[in-house]
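Structural features, examined
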Amino acid sequence: PLPPPGQWQLLTELLHHDPTTPELGAVLVPDGSTVALCPLLAGIEAGLRSGGFGRPLPTLDPPVDPLLAVTITEALGTSFLLAQGRDNNTTTLGPGGCWDNVKNPQNYTLRGPPSPVPDPVAIGAMDGVVLGVQLAQGPLPVAELLRGYYGTGNGSEAGRPPSSYRRRKFGALAGQERLEKEVAATLELLRTLSPTSELLRDVGTQEVVAVARRAAQEFSERYVECPAIMPRCLWGAHPYRGTPAPLQPPLGSVFLHHTLEPSRPCQTFSACARAMRDMQRFHQDTRGWDDIGYSFVVGSDGYLYEGRGWHWVGAHTKGYNTQGFGVGIIGDFTATLPDPDTLALVRDEFLPCAVRFGHIRPDFILRGHRQLGHTDCPGNALFQEIQSWPGFQ
């Protein structure tokens, strides 16, 4: 049967995202994430309407969760359908991008050819789902809702905002199995719309199921199970000095550090980005190094920060820089530990994902800095903690 007019209208109005201009309609929120407004606002509207405000949401046939349809499942299904039959290099998710200036962001540019689901769309969709579910349970003025979720100003308040837990919250609401089911249902729904989408004309149900499975798996791996890494451009890095030496992945080691300075863990994007700039200045100007020494730095705001990254030799563990990645956790962990979420970010998300994406070997060795040089790093408390982690030797 043809869908009722309201359903058709809802889908056409809310799902109109133009993948050729993903840089438009994106904002930098206080937690340091770049959020596309289209899926965020669609999720908020769907949440309000399912909570009894405005026109009721249409009942879709075949049954589809309208909140997931207007935020992520249509875009996700379409992206993976488009990639069918093309070469394996077709991008289905991402890329991320950069703002021209962290303190006064005006222009946002993607760092590569766009897919229908660039990072800001994925993040906006996850936030749209989380906030839509919240609004369905009871209305809040939208400004208050957004301030409470993202924090205010430039992230100057003390603790990390709820939005920095978006991956965990979205995963709890729409885990991989549910996402797979909803992507398949949304594609079946699109097939019933008139006129039938070109994309679905010769696609059978088995193919739809396969596309949905792949889409849900890749989305979950990239945006739910693996942590967000803030690129250099987002924390305001100065350029590398000199010529970086390339690494030869996969590497066999990970070396864990604490930064000692700053000694207090940073809990907001603005505080962590400032710590990154201070460390880079110290490493480049005082120590005379080409760049910040660490490969990656871990804040207590829920994010990792790109130092020298996956591709370039760092200056973190003298004599061993070509053999592994140096990961520094911001703070002094001589007597106290990072909070449990920060430890879990490194142990349960960053390390398994680094293996999954081929950056480190499955049999990698994890060591504290003190095992390889004359130093107290990564602090007694943290060194004691990592001895129970996978890969520690």
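Everything numeric here is computed off the predicted structure, so don't read it as measured data.

How each quantity is defined
Residues numbered from 1 in each chain as written. Predicted model: local features only at pLDDT ≥ 70, side-chain atom pairs only at ≥ 80, totals over all residues. Heavy atoms only, no water. Domains from an automatic or database assignment. Contact = heavy atoms within 4.5 Å. Buried area = accessible area lost by both parts, 1.4 Å probe. Helix = DSSP H or I, 4+ residues; strand = E, 2+ residues; numbered from the N terminus. Polar contact = N/O pair within 3.5 Å; in protein donor to acceptor, adjacent residues only side chain to side chain. UniProt positions renumbered as here; feature names shortened; annotations may be inferred.

Our focus in this paragraph is the domain arrangement of the protein. Accessible area lost during the coming together of the parts is what is often quoted as the interface size. Segmenting the protein into domains produces domain 1 (5–225) and domain 2 (251–387). Placing the centre of domain 1 and that of domain 2 at their C-alpha centroids yields a distance of 32 Å. Taken together, the 22 residues of domain 1 in the interface contact 15 residues of domain 2. The contact between domain 1 and domain 2 buries some 1,300 Å² in all, and 44% of this surface belongs to carbon and sulfur atoms.

What follows is about the environment of R222. Locating R222 in the fold gives a position in helix α8 (residues 205–225). Between the C-alpha atom of R222 and that of A122, which follows or precedes it by 100 residues, the distance is 9.9 Å. Aside from chain neighbours lying at most four places away, what touches R222 is L93, G94, P95, D119 and R167. Within polar-contact distance, the side chain of R222 engages the side chain of D119 at 3.2 Å.

Now for the UniProt feature "domain: N-acetylmuramoyl-L-alanine amidase" (unreviewed entry) in the protein. Following the UniProt record, the feature "domain: N-acetylmuramoyl-L-alanine amidase" (unreviewed entry) maps to residues 240–379 here. Summarising residues 240–379: 25% helix, 21% strand, and an end-to-end C-alpha distance of 29 Å.

In this structure's numbering, the residues bearing the UniProt feature "domain: Peptidoglycan recognition protein family" (unreviewed entry) are residues 227–373. Each end of residues 227–373 is marked by a C-alpha atom, and these two atoms are 29 Å apart; helix forms 27% of the span and strand 21%.

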